[in-house]
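# A structural walkthrough
Below, each chain spelled out in residue letters.
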Amino acid sequence: MARRHWLALAGASLWPAWAGAAPGRVPLLAVPPLALQQRRLGNGLALVLLPESGGAQAAGRGRPGSGTVSVQVWYQVGGKDDPVGRSGFAHLFEHMMFKGARHLANEQFDRLTEDVGGANNAFTAEDVTVYHAEVPANHLERLLWAEAERMAHLNVDQANFDSERAVVKEEFRERVLADPYGRLFNGLPAAFWQRHPYRRPVIGSIEDLEAATLDDVRRFHATYYRPDNAVLIVAGDFDPAQAQAWVDRYFGVLARPAAPLPRVQVREPRRERSEHLRLQGPRVPLPALALMWQGPGAGHVDAAALHVAAALLASGESARLNEALVYRQRIAQSAGFSADLLADGGMLVAWAIAAGEPAAAAAAAPGAVLDRLERSLRREIARLADAPIATAELDKVRTGLVTQAIAGRQTPEGRATAVGWAIVQRGDAAAADRELAELQAVRAEDVQRVLRRYVGQGHAVRLDYRQEADPAKGPAVTKEGR
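Below is a short write-up of the structure. (Residues numbered from 1 in each chain as written. Predicted model: local features only at pLDDT ≥ 70, side-chain atom pairs only at ≥ 80, totals over all residues. Heavy atoms only, no water.)

### With respect to the overall build of the chain
Here is the rule we go by: Each helix corresponds to a stretch of at least 4 residues labelled H or I by DSSP, and each strand to a stretch of at least 2 residues labelled E; elements are numbered beginning at the N terminus. Note on exposure labels: buried denotes an accessible area under 20% of the residue type's maximum, exposed denotes more than 50%, and partly exposed covers the range between, all computed with a 1.4 Å probe on protein chains only. The protein chains shown are the only cover counted for residues, whose accessible areas, like all others here, come from Shrake-Rupley with a 1.4 Å probe.
Counting its secondary structure elements, the chain contains 16 helices and 14 strands. With 482 residues in all, the chain has 53% of them scored as buried. Here the chain displays about 20800 Å² of accessible surface, and carbon together with sulfur accounts for 53% of that area.

### Here we look at the environment of Asn120
Spelled out, the test is: Polar contact is defined as a pair of N or O atoms within 3.5 Å, subject to the rule that within protein one atom must be able to donate a hydrogen and the other to accept it, and that residues adjacent in sequence are counted only when both atoms are side-chain atoms.
Here Asn120 shows up in strand β6 (residues 119–124). Along the primary structure Asn120 and Phe109 are separated by eleven residues, whereas in three dimensions their C-alpha atoms are 8.1 Å apart. Within the structure, Asn120 has its side chain in polar contact with the side chain of Asp110 (distance 3.0 Å). Within the local environment of Asn120, its side chain forms a polar contact with the side chain of Thr113, the two groups lying 2.8 Å apart.

### Examining the sheet that holds strand β2 (residues 46–51)
Let me state the cut-off plainly: When DSSP finds two or more bridges between a pair of strands, those strands are recorded as paired. Note on method: axes are straight lines fitted to C-alpha atoms, helices fitted across the in-contact stretch only, with angles between N-to-C directions ranging 0 to 180 degrees.
Spatially, the six strands line up as an open sheet ordered β1-β2-β8-β5-β7-β6, and their pairing is mixed. The open sheet has two edge strands, β1 (37–40) and β6, and neither has a second partner. Taken over all neighbouring pairs, the strand axes of this sheet differ in orientation by 15° on average, direction set aside. Pairing geometry for strand β5 (residues 68–75) and strand β8 (residues 230–236), over seven bridges, is antiparallel.

### Let's talk about the packing of aromatic side chains
Centre-to-centre distance and the angle between the planes together describe a pair of aromatic rings. Quick note on the threshold: Ring pairs shown here join Phe, Tyr and Trp side chains whose ring centres sit within 6.5 Å, with only the six-membered ring taken for Trp; geometry is labelled stacked below 30 degrees between planes, edge-to-face above 60, and tilted in between. Geometrically, a lysine NZ or arginine CZ counts as sitting over a ring once it is within 6 Å of the ring centre and also within 35 degrees of the ring normal.
Tallied over the full model, the rule gives 16 aromatic pairs. Each ring, one from Phe185 and one from Trp351, has its centre 5.3 Å from the other, and the planes form 85°; the classification is edge-to-face. Of the two residues, Phe185 sits in helix α5 (residues 182–192) while Trp351 sits in strand β12 (residues 345–354), which places them 166 residues apart along the sequence. Residue Phe185 is classed as partly exposed on the basis of its relative accessible area of 35%. Here the aromatic cluster, defined as three or more aromatic residues joined through ring pairs, consists of Tyr75, Phe89, Phe93, Phe98, Phe109, Tyr131, Phe220, Tyr224 and Tyr225. Taking NZ or CZ as reference, Arg150 lies 5.0 Å from the ring centre of Phe98, over its face.

### Examining the pattern of salt bridges
Two side chains carrying opposite charge are able to pair once their charged atoms lie near each other. We count it as follows: Any Lys or Arg side-chain nitrogen found within 4 Å of a carboxyl oxygen on Asp or Glu counts as a salt bridge.
What the rule picks out here adds up to 37 salt bridges. Among the ionic pairs, Asp344 bridges to Lys80, the shortest N-O distance being 3.2 Å. Taken together, the residues Asp344 in the loop between β11 (332–342) and β12 and Lys80 in the loop between β5 and α1 (89–96) connect sequence positions 264 residues apart. A residue is classified by how much of its surface remains accessible, and Asp344, at 24% relative accessible area, is partly exposed. Between Arg453 and Asp302 there is a salt bridge whose closest N-O contact spans 3.1 Å. In this pair, Arg453 is assigned in helix α16 (residues 444–456) and Asp302 in the loop between β10 (288–295) and α9 (303–314), connecting sequence segments 151 residues apart. Three or more residues are tied together by salt bridges with common partners; here these are Asp371, Glu374, Arg378, Arg462, Asp464 and Arg466.

### A short note on empty space enclosed by the protein
In this approach, a probe sized like a water molecule rolls over the atoms, and the result shows the empty space that is left. Just so we agree on the cut-off: Within this scheme a cavity is a closed region of a 1 Å grid, computed over the protein atoms alone, that accommodates a 1.4 Å probe without allowing it to escape, whereas a pocket is open but has protein on both sides within 12 Å along at least five of seven lines; lining residues each have an atom within 4 Å of a point. Grid points are joined across faces, edges and corners, and a volume is the space filled by probe spheres set on the points. Under the scheme applied here, ten amino acids are nonpolar (Ala, Val, Leu, Ile, Met, Phe, Trp, Tyr, Cys and Pro), four are charged (Asp, Glu, Lys and Arg), and all others, including Gly, are polar.
Following the criterion strictly, the structure yields one cavity of 30 Å³ or more and no others. Roughly 40 Å³ of volume is contained in the largest cavity. Around the largest cavity, the lining residues are Met97, Phe98, Lys99, Leu104, Ala105, Gln108, Phe109 and Arg150. Classifying every residue of the lining of the largest cavity by side-chain character gives five nonpolar, one polar and two charged.

### Here's the deal with the environment of Phe161
Looking at where Phe161 falls in the secondary structure, it is placed in helix α4 (residues 158–177). Linking Phe161 and Lys99, residues 62 residues apart in sequence, is a C-alpha distance of 9.3 Å.

### Concerning the environment of Ala416
Structurally, the position occupied by Ala416 is in helix α14 (residues 412–426). On the accessibility criterion, Ala416 (0% relative accessible area) is buried. Remark: the alpha-carbon pair of Ala416 and Val69, spanning 347 residues in sequence, is separated by 9.9 Å.

### So, the nonpolar core
To keep things clear, this is the line we draw: For this analysis, a nonpolar core means a set of buried residues of the types Ala, Val, Leu, Ile, Met, Phe, Trp, Tyr and Cys, connected via side-chain atoms within 4.5 Å. Contact between two residues is taken to exist if any of their heavy atoms lie within 4.5 Å; hydrogens are not considered.
Core analysis: the largest hydrophobic core is formed by 72 residues, its most contacted members being Leu325 and Val447. Tallying contributions element by element places α9 first for this core, with ten residues. Contacts of Leu325, omitting those with residues within four sequence positions, involve Arg330, Ile331, Ala332, Ala335, Ala352, Leu373, Ser376, Leu377 and Glu380. Residues Val77, Leu92, Leu144 and Tyr250 belong to the second largest nonpolar core, which totals 52 residues.

### Here we look at unusual backbone geometry
Positive phi, normally seen in glycine, also occurs at Glu107, with a value near 65°. Position of Glu107 relative to the elements: it lies in the loop between α1 and α2 (108–113). The phi torsion at Arg283 lies on the positive side, around 55°, for a residue other than glycine. Note that Arg283 resides in the loop between β9 (275–281) and β10.

Structure representation (structure tokens):
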């Protein structure tokens, strides 16, 4: 089972009635704040409860609620915390957590969730590893017990380690090696980040996974899987007082290790010059390139404007890059822009994959196809930064982002996930509410200001991706000689 999933905001099927209002007349939407109840246990575990208003199905009182609960454990360990020479460790450990524990048989977590009509999954990102499960509300207690059990008593043995390492290696082959452009997107962090461990892809490498030992895995679990490095979030239809008692019973008894938690102290330096790099791969049908600029961290005041800018450039078929490079100029088969804002810094990425016949691209002057893509990407970004932005276009994109965020809150899982990201990336659960107001407050001048600051005035890393001339040299990133 592929445990990692890519968080995607929900579709635009729940657009509010005011989405079709005339340009310039869109009122701000007042969204009730999330009903947060927070406390920290004596062993350091952070607890956040998000009970449904009036609903208390589990306690048999109150008006009918959803009847479901979401239980999420956010461990503040991600790809950036992988030991040197052991990239992919946080992701590997995500898989290990579904093996047995002292009183849990292998795969029993699936039986506790899927066999009662629920679901469970997990994902690893640069800053965090998250385990989430959704079950009928009357199964909340046993799920809390199971999460505490695997936090404290995971069975880390050679057989489990070997089997999950094989699964992760296969996942790497499927996502990175089998995709013609998998190496390009997997190679972006290493090409962009200068010092920060974000430069190691979360999925790691085959070589590092093969070099890992059982002792490495046990050490990683003891170091990071502890109550004072976790946030437990419970959302949905439950009795808060009863949930608090269960949390105390199952998590409160877990010991807080005496050893301090290691934290990444590396700060990414400001980029002082632009770079032109090249990455080669096998079976590359047509060349592609990515342009990358430094951005702020997820908690920066410019974050909302950058997300709106990215949506204007690349969200949907009618987005600017798609319209210009794919439909009008017909020089790209796909193009995009993303604002990857993380806890310790950000990476802004514009990318395009060339269109046309492979034979024609191969016959063109070296770099000519990619030079043309770069000029077009930069021209469209500059047009957004400098030319007037139509009010209707901005309203459409901004409304779409707000709607996606609100739609995500319609379920216990969505509310818990919004709070989890707010805690990990901004250090404050209440930031999940502020983000909605921040998105709505973005104006055209904000979009243009952040593009000029981070893209127009910043140094770029250009990464070319082409068919490899010498397969024996492998996929290493090299400097382009121009």
